[in-house]
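Here are the chains, one letter per residue:
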Amino acid sequence: MAVTRGSQAARQCSFCCEPAVTLHRQLEQYLCSNHLVRHIQDSVIRTIEQNHLLTTGDRVAVALSGGKDSTALLLLLHQLRTRYPGVTLHAITIDEGIVGYREETIDAAKALARELGIGHSLIGFSDLFGDDLDTLLAGRAREACTVCGVLRRRALVIGARQVDATVIATGHNLDDEAQSVLMNVLRGDLPRLTLDTTTGSPGCFIPRIKPLSAISEKEIAIFLFVQGYFRDLPECPYAGHALRSEVRSVLSSLEYRYPGTMERLIKSRKDIRRISQSSGRTGRLQICQECGGPCSSELCQVCRLIRPSET
Ligand code: SF4
């Protein structure tokens, strides 16, 4: 999906007389703010229901960084609460310890959870891993997103267990998912490409769900804007070091010229997973021999990162 703004702003919505705020380029439909919100809510419902992501009695730990995607995720799950009456939400914010960046987003996360009346936990890298991210990265800033991603995933699982969550929801959007597919291909990482973390394992791993995975980054930004929740927050100082930022720029350009590129990329991952499953070559989660956490080999990435001398 792709959305553009600006020159289309004066056009009329394809479904009513209101002015359009966006053009859905793939469907070639102009959407006013009300129809954009409905389109996004419908997309989340479709993703949840087609993939059986939620069941009655679920307690959902919502990863809330305070940035755009997680803000939209919590808002949407809250807006759709009457559709899933037996499901409860709890927001979890991870404080990696990134000076000059995290303070503002943490304040935004606290304010949103308070406004929506949703329970909220704040968990710091320093408490869990002994140091904040800035300190852990001394002399190796280029590895920032790898280290941060590994530790943040673990922190989220710990936070989810603390509130007895049955499911972890993250704000990964269509762009994120397409970028991950391409990055795994570029790294030649077939196990990660084929690993499906949405199912979990009872009593062991908590399933992860991504209700925004069919919605583009731009649609999310406009959704927040028309709902009055758009905030211009600072960008992480480490973001420029990531392979993801180059992949993001390449994919955005391809999506603009060939609408539907990202969806096709994600569909190809589903096909690869299906083929891998039928040939028994799907990546499988295992238990780390050191800490008992989830991993894809004998030792998890957290133990490799923070106890390198033991590996
Ligand atoms: Fe962590 Fe990288 Fe995201 Fe910064 S950009 S918060 S270092 S994953």
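K.L.:
Even after reading the chapter, I still don't get the site of the ligand, so can you show me in this structure?
P.N.:
Lining the immediate environment of the ligand, one finds Cys145, Cys148, Arg152, Cys236, Tyr238 and Ala239. Each residue belonging to the shell around the ligand can be placed in one class, and the counts come to five nonpolar, no polar and one charged.

K.L.:
It is not clear to me how the environment of Ile48 should be interpreted in this structure. Could you clarify?
P.N.:
With respect to the helices, strands and loops of the structure, Ile48 is situated in helix H1 (residues 33-50). Judged by relative accessible area, Ile48 falls into the buried class, the value being 2%. Ile48 has contacts with Leu53, Leu54, Leu77, Tyr84 and Pro211, leaving out every residue within four places of it along the chain.

K.L.:
So what exactly am I meant to see when it comes to the environment of Asp58 here?
P.N.:
Inspection of the secondary structure assignment puts Asp58 in the loop between H1 and strand S4 (59-63). Along the primary structure Asp58 and Val87 are separated by 29 residues, whereas in three dimensions their C-alpha atoms are 4.9 Å apart. Dropping the residues within four chain positions of it, Asp58 is found in contact with Leu53, Gly86, Val87, Thr88, Thr166 and Val167. Within the local environment of Asp58, its side chain forms a polar contact with the backbone nitrogen of Thr55, the two atoms lying 2.8 Å apart.

K.L.:
Sorry if this is basic, but what is going on with unusual backbone geometry here?
P.N.:
As a rule of thumb, non-glycine residues mostly have phi less than zero, and peptide bonds are mostly trans rather than cis. A positive phi angle, near 55 degrees, is found at Glu28, a position not held by glycine. Along the polypeptide, Glu28 turns up in the loop between strand S2 (22-24) and strand S3 (29-31). For Glu28, a relative accessible area of 65% corresponds to the exposed category. Even without a glycine there, the phi angle at His52 is positive, about 50 degrees. Judged by its relative accessible area of 67%, His52 falls in the exposed class.

K.L.:
What exactly am I supposed to notice about the pairing of strand S5 (residues 88-95) here?
P.N.:
Successive residues of a regular strand alternate their side chains across the two faces of the sheet. The buried fraction of S5 amounts to six of the eight residues, a majority that puts the element mostly inside the structure. Bridge count between S4 and S5: five bridges; the pairing is parallel. Looking across to S5, one finds that Ala61 is bridged to His90. Handedness of the crossover joining S4 and S5 through helix H2 (residues 68-79) is recorded here as right-handed. Pairing of S5 with strand S6 (residues 119-124), which is carried by six bridges, proceeds in the parallel orientation. Pairing of Ile92 across the sheet is with Ser121, part of S6. The parallel pair S5 and S6, bridged by helix H3 (residues 102-116), forms a crossover whose chirality is right-handed.

K.L.:
How should I be thinking about the pattern of salt bridges in this particular structure?
P.N.:
Where charged atoms from two side chains of opposite charge come close, those side chains can pair. Inspection of the entire model under this criterion finds 10 salt bridges. Close ionic contact of Lys210 with Glu177 constitutes a salt bridge, the shortest N to O distance being 3.1 Å. Of this pair, Lys210 sits in the loop between strand S8 (208-209) and helix H9 (217-227) while Glu177 sits in helix H7 (residues 174-187); the two residues are 33 residues apart in sequence, bridging distant segments of the chain. Residue classification places Lys210 among the partly exposed positions, given a relative accessible area of 24%. One continuous salt-bridge network, built from bridges that share partners, spans Glu96, Arg102 and Arg152.

K.L.:
Would you mind showing me how to read the sheet that holds S4 here?
P.N.:
Strand pairing in a sheet relies on backbone hydrogen bonds. The paired strands run either parallel or antiparallel. Taken together, the five strands give an open sheet; going across it, the order is S6-S5-S4-S7-S8, and neighbouring strands pair in parallel fashion. In this open sheet, the two strands that pair with only one neighbour each are S6 and S8. Both strand S7 (residues 167-169) and S8 contribute to a ladder of two bridges, which runs parallel. Residue pairing across strands places Ala169 opposite Ile209, the latter belonging to S8. In the packing of helix H6 (residues 144-162) onto the sheet, contacts are made with S4, S5, S6, S7 and S8, and the angle to S5 comes to roughly 140 degrees.

Reading the values: the criteria
- Residues numbered from 1 in each chain as written.
- Predicted model: local features only at pLDDT ≥ 70, side-chain atom pairs only at ≥ 80, totals over all residues.
- Heavy atoms only, no water.
- Near = heavy atom within 4 Å.
- Nonpolar A, V, L, I, M, F, W, Y, C, P; charged D, E, K, R; others polar.
- Helix = DSSP H or I, 4+ residues; strand = E, 2+ residues; numbered from the N terminus.
- Buried < 20%, exposed > 50% of the residue type's maximum accessible area, 1.4 Å probe, protein only.
- Contact = heavy atoms within 4.5 Å.
- Polar contact = N/O pair within 3.5 Å; in protein donor to acceptor, adjacent residues only side chain to side chain.
- Pairing = 2+ DSSP bridges.
- Right-handed = clockwise from strand over helix to strand, strands pointing away.
- Salt bridge = Lys/Arg side-chain N within 4 Å of Asp/Glu carboxyl O.
- Axes fitted to C-alpha atoms, helices over the stretch in contact; angles between N-to-C directions.

No statement about biological role is implied by the geometric values presented.
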